[in-house]
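Examining the three-dimensional arrangement
Read off the chains here:
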Amino acid sequence: MSYKLQFAELLPYWNVLLYGLAFTIVLTVVSTVAGIAVGTAGAAARTFGPGWLGRVVAVYVELIRNTPFIVQLFFIFFGLPALGLKLSETTAAFLAMVINLGAYSTEIIRAGIEAVPKGHIEAGLSLAMSKWEVLRHVVLNQAFRKIYPALSSQIIIVMLGSAVVSQISAEDLTYAANFVASRNFRNFEVYLLAALAYLLLALLTRSLLRALGRVIFKAR
Amino acid sequence: MLQFSFWDILSNLLIATQWTIVLSLIAFFCGGIVGLILLFMRTSKIAALEWFTKIYIEFFQGTPLLMQLFLFFFGIALFGFEVSPWAAATLALTFWTSAFLTEIWRGCVEAIPKGQWEASSSLALSYIEQMRYVILPQASRIAVAPTVGFSVQVIKGTALASIIGFVELTKAGTMLNNATFRPFLVYSLVALIYFCLCFPLSWWAKKIEGRLNVAR
Amino acid sequence: MSLVSIRDVRKSFGTNEVLKGVSLDIAKGDVVAIIGRSGSGKSTLLRCINGLETYQSGSIVADGIEVAGAATNLRELRRHVGMVFQQFNLFPHLTAAENVMLAPTVVNKVSKAEARATAAEVLAKVGLSEKMDAYPSELSGGQQQRVAIARSLAMRPKVLLCDEITSALDPELVNEVLRVVEQLAREGMTLILVTHEMRFARDVGTKLVFMHHGKVHEEGVPKEVFAAPRTPELQQFVGQVG
Ligand SMILES: Nc1ncnc2c1ncn2[C@@H]1O[C@H](COP(=O)(O)OP(=O)(O)O)[C@@H](O)[C@H]1O
Ligand SMILES: [Mg+2]
């Protein structure tokens, strides 16, 4: 192989790449929080809500889980303006991420709720708690404890999937890498660096979530 | 200017869907073969092999599939080969798929009680023989559901091949959108076609899983 | 006037009629022991009383509240009707004290401090003062069941429903739970117990109810009923169990 990798040529663009990295991190954090909120509401609706609402949520979940994220993103960014809903690249990226993680976490949290023994719910009810009080104080805590690892993996999967938002010019890490590559033509070096940054981010997220889990669920 | 009717759009999308299916099948089967080899390495108890697979899996599960596509696309070029999106997509999707399948299958292998390993090794079976005759036949039973479930991820993963210029369903959608300026219709149809490909597999995976739980 | 009045209650699961016209009157201070074969409808009857199951016809009035499906103020009803389950059903993520404090704080909006004081009192009553901060997984079955009893008592119920609360326990742990129930009976708590402990039913119960095929087959004062069962079904049942 005659080609020599030249990482030095990336140096002038460090601020672009750093900005992209920050964008990806913020995108992940925000959509994680909002996505889990959506997922919790969705799971509650599916297990404790009225039947029609449960069916609506089920359709949402299946639609998202059975189509590629990039198509969801294109639909939101290019398709929705046709209905008069024009979104900026950044807004569309955040929205798509939340909708996507919302669907997956609905399914994950629902499985957690269903794993809570029925007897615990009945015990709560027989203590005069309402359905929603039982959900909040008895069911969700146990459910989250159980599905925390699955939810953590999903968060990382969604973080890695977020690379796709570069395709609507949302300025994430991949967008930054594309930009640098278009300037200095060191495609392989840029993408290798970006890939390693993602890898580091994934590993970091994993240990962070693990530590967080230990703090939240320390009680046994 | 060329006029596209609804049927023109749909038929063009369906033609491109063939390539989504072909790419999915290749990635899934090649990924399955590589994954099986990695599975043997991962569970071999030979430190070097285990470490290699661990790093391999960490890389392909810990970086975006899109980055992997870029790396293969531009990496092949470094060796002076003509770059085709087709080759880059096939390679990246195969390796990406194999990493996930290996992990899924490892979970299934580890779900087999230790006693099965001990009993089979006490019968003087070699490691390969243990896997072949005792462990895999049992593990494969519980592996079907998550494997079918992952095939949905593979189909969705092929959509990213559009970004390096491989013309499959998503790329066709983008091209048709540029030609027709009817993004809502085009992307709705694209989503619908993906749904029709993926949903039966999701449904089937769930059904098998349910049946296994009942059987146990 | 009776505290719980059950009139001709019928209940089916699909086509399977499980309660076929059950009537019972339970006065304040009664200790009702319900016995009968597995599947005779004992649990279902108990669950109907606090609205965990709905029934198709008849009526149940508990502490002046008509238990009638969706229209019932279940929250009000359940504040006065406690229930203890065979499987304890303690909340695993909460300590013993937190298990006891949950309903008073959430439902009655009692302050944490006050709830904690109540928890200390009821846990002392069941003999678990030292285990206030233990998690359910750190307790034996008998201890868990006593926490579950304390959890119900913290709501100051007028009636306590107990569904085979010693059936999931190892034999050597049964007595510590029965002693707690006996103590409650002596203090005048109204109890409705489904039980397989015949001796306990005879010695502690003020009323014995034998259920058979979804009906009250025989009832009366425990000592008399046990001494001279009138129906062949009860004779046979007592013969088998006793
Ligand atoms: N949720 C339910 N759905 C259908 N059938 C039930 C349900 N709960 C109880 N049953 C049936 O009702 C009958 C009485 O059950 P149960 O009240 O639990 O009896 P017991 O407590 O006396 O053993 C049984 O035949 C049981 O199979
Ligand atoms: Mg029962």
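Residues numbered from 1 in each chain as written. Chains lettered and ligands numbered in written order. Predicted model: local features only at pLDDT ≥ 70, side-chain atom pairs only at ≥ 80, totals over all residues. Heavy atoms only, no water.

**A closer look at the interface of chain B and chain A**
Size of an interface, as often reported, equals the accessible area lost when the parts are brought together. Selection criterion: Contacts: residue pairs with any heavy atoms within 4.5 Å of one another. Buried area adds together the accessible area that both of two parts lose upon being put together, with accessible area traced by a 1.4 Å probe. Here, a salt bridge means any Lys or Arg side-chain nitrogen found within 4 Å of an Asp or Glu carboxyl oxygen. The term polar contact refers here to a pair of N or O atoms within 3.5 Å; inside protein, the definition further demands a hydrogen-donor-capable atom paired with an acceptor-capable atom, and it admits residues adjacent in sequence only when both atoms are side-chain atoms. Helix and strand assignments follow DSSP, with helices taken as H or I runs no shorter than four residues and strands as E runs no shorter than two, numbered in order from the N terminus. Just so you know the grouping, Ala, Val, Leu, Ile, Met, Phe, Trp, Tyr, Cys and Pro go in nonpolar, Asp, Glu, Lys and Arg go in charged, and all remaining residues, Gly too, go in polar.
At the junction of the two partners, chain B supplies 36 residues and chain A supplies 39 residues. When chain B packs against chain A, close to 3,200 Å² is buried across both sides, 78% of that on carbon and sulfur atoms. Applying the counting rule to chain B against chain A returns 3 salt bridges. Here E58 of chain B ties to R206 of chain A by a salt bridge, and the two come within 3.2 Å at their closest N and O atoms. There are 4 residue pairs in polar contact (both at pLDDT 80 or more) connecting chain B and chain A. Elements with a minimum of two residues in the side of chain B that touches chain A: α2 (47-62), α3 (65-78), α6 (127-158), α7 (169-180) and α8 (183-215) of chain B. By residue number, the principal contributor to the side of chain B that touches chain A is α8 of chain B, which donates 12 residues. For the side of chain B that touches chain A, a count of residues per class yields 22 nonpolar, 11 polar and 3 charged.

**Focus on α2 of chain B**
Here is the rule we go by: To estimate the expected span of a helix, count its residues, drop one, and scale the result by 1.5 Å. Relative accessibility under 20% of the residue-type maximum defines a buried residue, over 50% an exposed one, and the middle range a partly exposed one, all with a 1.4 Å probe and only protein chains included.
Its 16 residues give α2 of chain B an end-to-end C-alpha distance of 22 Å, which sits within 8% of 22 Å, the value for a rise of 1.5 Å per residue. Turning to α2 of chain B, its buried residues are E50, T53, Y56, I57, F60 and G62 of chain B.

**Re the UniProt feature "transmembrane region" (unreviewed entry) in chain B**
Applicable threshold: UniProt positions are given in the numbering used here, feature names are shortened, and annotations may be inferred rather than shown by experiment.
Taken from the UniProt record, the annotation "transmembrane region" (unreviewed entry) applies to residues 20-41, 62-80, 86-105, 142-164 and 184-205 of chain B. Between the end C-alpha atoms of residues 62-80 of chain B there is a gap of 28 Å, over a span that is 79% helix and 0% strand.

**Points about empty space enclosed by the protein**
Residues and elements named next belong to chain C. Going by this rule: Grid points spaced at 1 Å over the protein atoms alone were grouped into cavities, where a 1.4 Å probe fits but cannot get out, and pockets, open sets with protein on both sides within 12 Å along at least five of seven lines, with lining residues defined by an atom within 4 Å of a point. Grid points are joined across faces, edges and corners, and a volume is the space filled by probe spheres set on the points.
Applying the stated rule across the entire model yields 1 cavity of 30 Å³ or more. By volume, the largest cavity is sized at about 70 Å³. Along the walls of the largest cavity sit C162, E164, I165, T166, L178, V181, L193, V194, T195 and F200, which together make up its complete lining. Elements represented by at least two residues in the lining of the largest cavity include exactly α6 (171-186) and β8 (190-194). Its residues assigned to classes, the lining of the largest cavity shows 7 nonpolar, 2 polar and 1 charged.

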